[in-house]
Amino acid sequence: MAIVQELYNYLDEVIPRSLSCSWDNDGLMLCPNPYEKVNKVLLALDATDEVADYAVQNGFDVIVTHHPMIFSPLRSLCASDPIPRRALFLAKNGISVMSFHTRLDARNGGVNDMLAKRLGVISTVPFGPEGEKLGRFGVLPKPMEFRMFCGMVSEALGTDAVTAIGNNKEIRMVAVLGGGGKDFVDSAIELGADVLVTGEVTYNVMLDAKSRGLCLIAAGHYHTEVPVLDSLGGAIRERFYDVQIKKYPHDTEVFIVK
């Protein structure tokens, strides 16, 4: 049976910090007891209040997330503030939290490989601005008209809608970046991408992309990244086959589509 520190050391080895962007903060976010036995692991994109409640109510020992539970430095541990309150609640209940952010984006088999696979993009290579080669650039097996491609993206990612802009042209060269993709537009254009599929960008970024000949699809931060939880669970099972692993069964997407 694994203990918390062994689980983290293993994940830190297979998803190494050397892949992280310099500005990132992830790793072992919260650890009430590094020697606590790990029977049940909960996978989630974010350690929200709802995820924390679910973990406590269902007897999980560890929460493993993509987004860091603690990103900016905490100046106090007061229950009046959301993140300290959540950390205190989880610590009181003996639950550890470990997060793997940009290093999981960049890792082979990570966020963007899983996104490309879900969309049927093949022959992928890493791309992005210098020092942040997190995205993937590849091709579709067969060209597809843009509107049809938008529908396929929505269906493949299980989202009710996508926000898209571009001319109704033929799509073949595809760049993908799960999450926030505004800083990857220039790199996608330089590579000759027909379209960039990402989670979210601003209105002005979408307008500028179209004027520069790049189609752009914003399919939701959550929906473009959540496929990685399958890969993350698989990595844990390779070493700790006797640990129960479960994905948080509800969306943590913050938006509601009506």
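Residues numbered from 1 in each chain as written. Predicted model: local features only at pLDDT ≥ 70, side-chain atom pairs only at ≥ 80, totals over all residues. Heavy atoms only, no water.

> Help me out: how do you make sense of the packing of helix α1 (residues 4-14) against helix α10 (residues 228-239) in this one?
Two numbers describe a pair of packed helices, the interaxial angle and the distance between the axes. Contact geometry for α1 and α10: axes closest at 11 Å, N-to-C directions at 120 degrees. Crossing handedness for the pair α1 and α10: right-handed. Seen from α1, the contacting residues are Leu7, Tyr10 and Leu11; seen from α10, they are Ala235, Ile236, Glu238 and Arg239. Among the residues making up the contact of α1 with α10, the classes are represented as 5 nonpolar, no polar and 2 charged. (Axes fitted to C-alpha atoms, helices over the stretch in contact; angles between N-to-C directions. Helix = DSSP H or I, 4+ residues; strand = E, 2+ residues; numbered from the N terminus. Left-handed = near helix turned anticlockwise from the far one by under 90°. Contact = heavy atoms within 4.5 Å. Nonpolar A, V, L, I, M, F, W, Y, C, P; charged D, E, K, R; others polar.)

> Just to check I follow, could you spell out the sheet that holds strand β3 (residues 62-65) for this structure?
Two orientations exist for strands paired in a sheet by backbone hydrogen bonds: parallel and antiparallel. Ordered in space as β1-β4-β3-β2-β11, the 5 strands form an open sheet in which the pairing is mixed. With one partner strand each, in any of the chains shown, β1 (27-30) and β11 (244-247) form the two edges of the open sheet. The sheet shows a mean angle of 25 degrees between the axes of neighbouring strands, taken without regard to direction. Pairing of β3 with strand β4 (residues 96-99) involves 4 bridges; the strand directions are parallel. Residue pairing across strands places Thr65 opposite Ser99, the latter belonging to β4. (Pairing = 2+ DSSP bridges.)

> Where do I start with helix α6 (residues 146-157) in this structure?
Since there are 3.6 residues in each turn of an α-helix, residues three or four apart along the chain are aligned in direction. Along its 12 residues, α6 runs 17 Å from first to last C-alpha, staying within 8% of the 16 Å computed at 1.5 Å per residue. Among all positions in α6, only Phe146, Phe149, Cys150, Val153, Ser154 and Leu157 are buried. Viewed end-on, α6 has its buried residues packed into an arc of 140 degrees, placing them on one side of the element. Residues of α6 that are exposed and point more than 90 degrees away from the buried face comprise Arg147, Met148 and Glu155. (Expected span 1.5 Å × (residues − 1). Buried < 20%, exposed > 50% of the residue type's maximum accessible area, 1.4 Å probe, protein only. Arc of directions from axis to C-beta.)

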